[in-house]
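# Structural characterization, general
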Amino acid sequence: MSEKTIEGKDYFLPCPFCGNCELEIIESEFEDSQNGEGLTVYCDCGAQGPAAKTEDEATLKWNSRFKS
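For the structure given in this document, a descriptive report is provided here. Just so it is clear, the structure is predicted and the values come from calculations on it, not from any experiment.

## Focus on the overall build of the protein
When helices and strands are tallied, the protein shows one helix and three strands. In sequence order, the protein lays out its α and β elements as β-β-β-α. Counting over 68 residues, the protein shows a buried share of 35%. Restricting to contacts in the protein with at least 6 residues of sequence separation, those with at least 24 account for 35%. Roughly 4,700 Å² of accessible area belongs to the protein as shown, and the carbon and sulfur atoms make up 47% of that amount.

Okay, here's the thing in structure tokens:
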């Protein structure tokens, strides 16, 4: 995972593990990509969302996770 932080979107659902609302979008491994990189929403507690190709897609994936 890269240390480079990319400016996040204005709205994320809180982290399901710690409740933190101050999340960021970072570069991370993206196994489906040709170049091996992608973006993911990341929380300080270590939780991260699914990898995506764009900031909008990463935010959408984070915010549309399964709710039980």
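## Considering the state of the cysteines
Applying the stated criterion across every chain yields a total of zero disulfides. Of the cysteine sulfurs around Cys43, a residue in no disulfide, the closest is that of Cys18, at 3.5 Å.

## Structural notes on the side chain of Asn63
You can see Asn63 is positioned in helix H1 (residues 55-63). A distance of 2.7 Å separates the side chain of Asn63 from the backbone nitrogen of Leu13, its partner in a polar contact.

Conventions used here
Throughout this description, residue numbers start from 1 for each chain and increase along the sequence as written. Residue-level local features of this predicted model are given only where pLDDT is at least 70; pairs of side-chain atoms are given and counted only at 80 or more, and the full residue set underlies all totals for whole chains, interfaces and linings. By convention in this description, side-chain values take in all heavy atoms of the structure and omit both hydrogens and water. Only DSSP runs of H or I covering at least 4 residues are called helices, and only runs of E covering at least 2 are called strands; the numbering of each starts at the N terminus. Under the scheme applied here, a residue whose accessible area is under 20% of the maximum for its type counts as buried, over 50% as exposed, and between as partly exposed, the area being computed with a 1.4 Å probe on protein chains only. In this description, contact between two residues means that some pair of their heavy atoms is separated by no more than 4.5 Å. Using the Shrake-Rupley algorithm and a 1.4 Å probe, accessible areas are obtained, with residue cover drawn only from the displayed protein chains. Disulfide: a pair of cysteine sulfur atoms within 2.5 Å of each other. Polar contact is defined as a pair of N or O atoms within 3.5 Å, subject to the rule that within protein one atom must be able to donate a hydrogen and the other to accept it, and that residues adjacent in sequence are counted only when both atoms are side-chain atoms.

Keep in mind these numbers describe shape, not what the thing actually does.
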